[in-house]
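Understanding the architecture of this molecule
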Amino acid sequence: MLDIPFYIPFTFMLTTFAALFFFYRAGQSAAVLYILLLWLALQGILARSGFYTVTDTRPPRFLLLVLPLVLGILLIFLTRGGRAWMNGLDYQRLTWLHVVRVPVELVLFWLYGQQLVPALITFEGRNFDILSGLTAPFIAWYGYMRPRLPRGMLIGWNLFCMALLLNVVIHAILSAPTPIQQLAFDQPNRAVLYFPFVWLPGCIVPLVLFSHLAAIRALIKKNELPEHGI
């Protein structure tokens, strides 16, 4: 366990469950929600046991945290049932999910102050992902609730925010204390090896990534476009 102020893990846990709430509201699938809750419980148990703090294995144990959900996203896009489920998503609510990226960035900044993550994955360094969370309400309102934005702008926003996400993910991976570490050796990205912060790569990041990919797919399909957003 990490010896840090209670408000940091508490805020992060609330943020994780907020992401699950928005995701459930967008898809209204109890089965998906139960699977994600079981996944969080499993990863929480593994993290509390110290499983992910063993970082010198090959392949890295960290893959067990991220790979299953990445494969799950691929299955949703590649299967008929998965695509049918995406066709029924509420993309306004799915866009609101990105608001959680604001408290995530605050938590990362606090963790930096505790010397558990490097500055480069905070908004003081090379992480600009907070812009996605700050602009998400505008996109949700004027893209879907009161459609005024053109389709190209909505696609562009999703692509831009996905690029911001990938930027911080790459820096986070390369600064984690694993055999492939390339950055931040003086203060590596250790927090994500512990509970509850394993839920960042193990839940929040995949949900955010899926939300962008699903929205781009929907916007490209004519029958999924916002009524006045063309």
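Everything numeric here is computed off the predicted structure, so don't read it as measured data.

With respect to the overall build of the chain
- Looking only at helices and strands, one finds nine helices and zero strands in the chain.
- When its helices and strands are written in sequence order, the chain yields α-α-α-α-α-α-α-α-α.
- The C-alpha extent of the chain, read off along each of the three principal axes, is 50 × 35 × 30 Å.
- Within the structure as shown, the chain displays about 11,400 Å² of accessible surface, and the carbon and sulfur contribution to it stands at 68%.
- Averaging the coordinates of the 16 positive side-chain charges in the chain and doing the same for the 9 negative ones gives two points 12 Å apart.

Quick word on the confidence of the model for the chain
- Looking at the chain as a whole, its pLDDT mean stands at 92, while 96% of the residues score no less than 70.
- Note that pLDDT drops below 50 for residues 223-230; the model gives that stretch 22 contacts with residues more than four away or on any other chain.

Focus: the environment of threonine 55
- Mapped onto the secondary structure, threonine 55 falls in the loop between α2 (30-48) and α3 (63-78).
- A relative accessible area of 22% means that threonine 55 is categorised as partly exposed.
- Placed 121 residues apart in sequence, threonine 55 and alanine 176 show a C-alpha to C-alpha distance of 9.0 Å.
- Discounting chain neighbours no more than four positions away, the residues touching threonine 55 are Pro177, Thr178, Pro179 and Leu193.
- One polar contact links the side chain of threonine 55 to the main-chain carbonyl oxygen of proline 177, over a distance of 2.9 Å.

So, a nonpolar patch on the surface
- Together, Leu63, Leu67, Val70, Leu71, Leu74 and Leu78 make up a nonpolar patch on the protein surface, roughly 540 Å² of accessible area in all.
- The class for valine 70 is partly exposed, based on a relative accessible area of 38%.

Quick look at the packing of aromatic side chains
- A full pass over the atoms with the stated rule returns 14 aromatic pairs.
- A centroid spacing of 5.0 Å and a plane angle of 80 degrees characterise the contact between tyrosine 7 and tryptophan 110, whose relative ring orientation is edge-to-face. Placement of tyrosine 7 in helix α1 (residues 7-27) and of tryptophan 110 in helix α6 (residues 101-113) is noted, with a sequence separation of 103 residues between them.
- Note on tyrosine 7: relative accessible area 42%, which makes it partly exposed.
- Among the residues examined, tryptophan 110 registers a relative accessible area of 26% and is labelled partly exposed.
- Where phenylalanine 138 meets tyrosine 142, the ring centres are 5.1 Å apart and the plane angle is 50 degrees; that geometry is what we call tilted. With phenylalanine 138 and tyrosine 142 both in helix α7 (residues 130-145) and four residues apart, this pair spans about one turn of that helix.

Some details on the packing of helix α4 (residues 80-87) against helix α9 (residues 199-220)
- Running from N to C, α4 and α9 point in directions that differ by 80 degrees, and their axes come no closer than 10 Å. In this view, α4 runs roughly perpendicular relative to α9, as classed from their interaxial angle. Of the residues in α9, those touching α4 at Arg83, Trp85, Met86 and Asn87 are Phe210, Ala214 and Arg217.
- Along the lines of polarity and charge, the residues of the contact of α4 with α9 split into four nonpolar, one polar and two charged.

Some points on the pattern of salt bridges
- This structure, assessed with the given rule, holds two salt bridges.
- As a salt-bridge pair, aspartate 90 and arginine 93 come within 3.7 Å of each other at their nearest N and O atoms.
- Between aspartate 129 and arginine 101 there is a salt bridge, with the nearest N and O atoms lying 2.5 Å from each other. Of this pair, aspartate 129 sits in the loop between α6 and α7 while arginine 101 sits in helix α6, and the two are 28 residues apart along the sequence.

Observations concerning the packing of α6 against α7
- For the pair α6 and α7, interaxial distance at closest approach is 7 Å and the crossing angle is 150 degrees. Considering the angle they form, α6 stands roughly antiparallel to α7. Crossing of α6 over α7 shows left-handed handedness. Taking contact as the criterion, the partners of Arg101, Val102 and Glu105 in α6 are, on α7, Ile130, Ser132, Gly133 and Leu134.
- Counted by class, the contact of α6 with α7 contains three nonpolar, two polar and two charged residues.

Side note on the side chain of arginine 101
- The exposure class of arginine 101 is buried, given its relative accessible area of 2%.
- A distance of 2.9 Å separates a polar atom in the side chain of arginine 101 from a polar atom in the side chain of histidine 98.
- Apart from the residues within four sequence positions on either side, arginine 101 is in contact with Asp129, Ser132, Gly133, Cys161, Leu165, Val208 and His212.

Scoring rules and cut-offs
- Residues numbered from 1 in each chain as written.
- Predicted model: local features only at pLDDT ≥ 70, side-chain atom pairs only at ≥ 80, totals over all residues.
- Heavy atoms only, no water.
- Helix = DSSP H or I, 4+ residues; strand = E, 2+ residues; numbered from the N terminus.
- Areas by Shrake-Rupley, 256 points an atom, 1.4 Å probe, with all protein chains shown as cover.
- Lys, Arg positive; Asp, Glu negative; His and termini not counted.
- Charge placed at Lys NZ, Arg CZ, Asp CG, Glu CD.
- pLDDT = per-residue confidence, 0-100.
- Contact = heavy atoms within 4.5 Å.
- Buried < 20%, exposed > 50% of the residue type's maximum accessible area, 1.4 Å probe, protein only.
- Polar contact = N/O pair within 3.5 Å; in protein donor to acceptor, adjacent residues only side chain to side chain.
- Patch = residues over 30% accessible without salt bridge, like charges linked within 9 Å, V, L, I, M, F, W, Y side chains within 5 Å.
- Salt bridge = Lys/Arg side-chain N within 4 Å of Asp/Glu carboxyl O.
- Phe/Tyr/Trp six-rings, centres within 6.5 Å; stacked < 30°, edge-to-face > 60°.
- Axes fitted to C-alpha atoms, helices over the stretch in contact; angles between N-to-C directions.
- Parallel < 35°, antiparallel > 145°, perpendicular 65-115°, else oblique.
- Nonpolar A, V, L, I, M, F, W, Y, C, P; charged D, E, K, R; others polar.
- Left-handed = near helix turned anticlockwise from the far one by under 90°.

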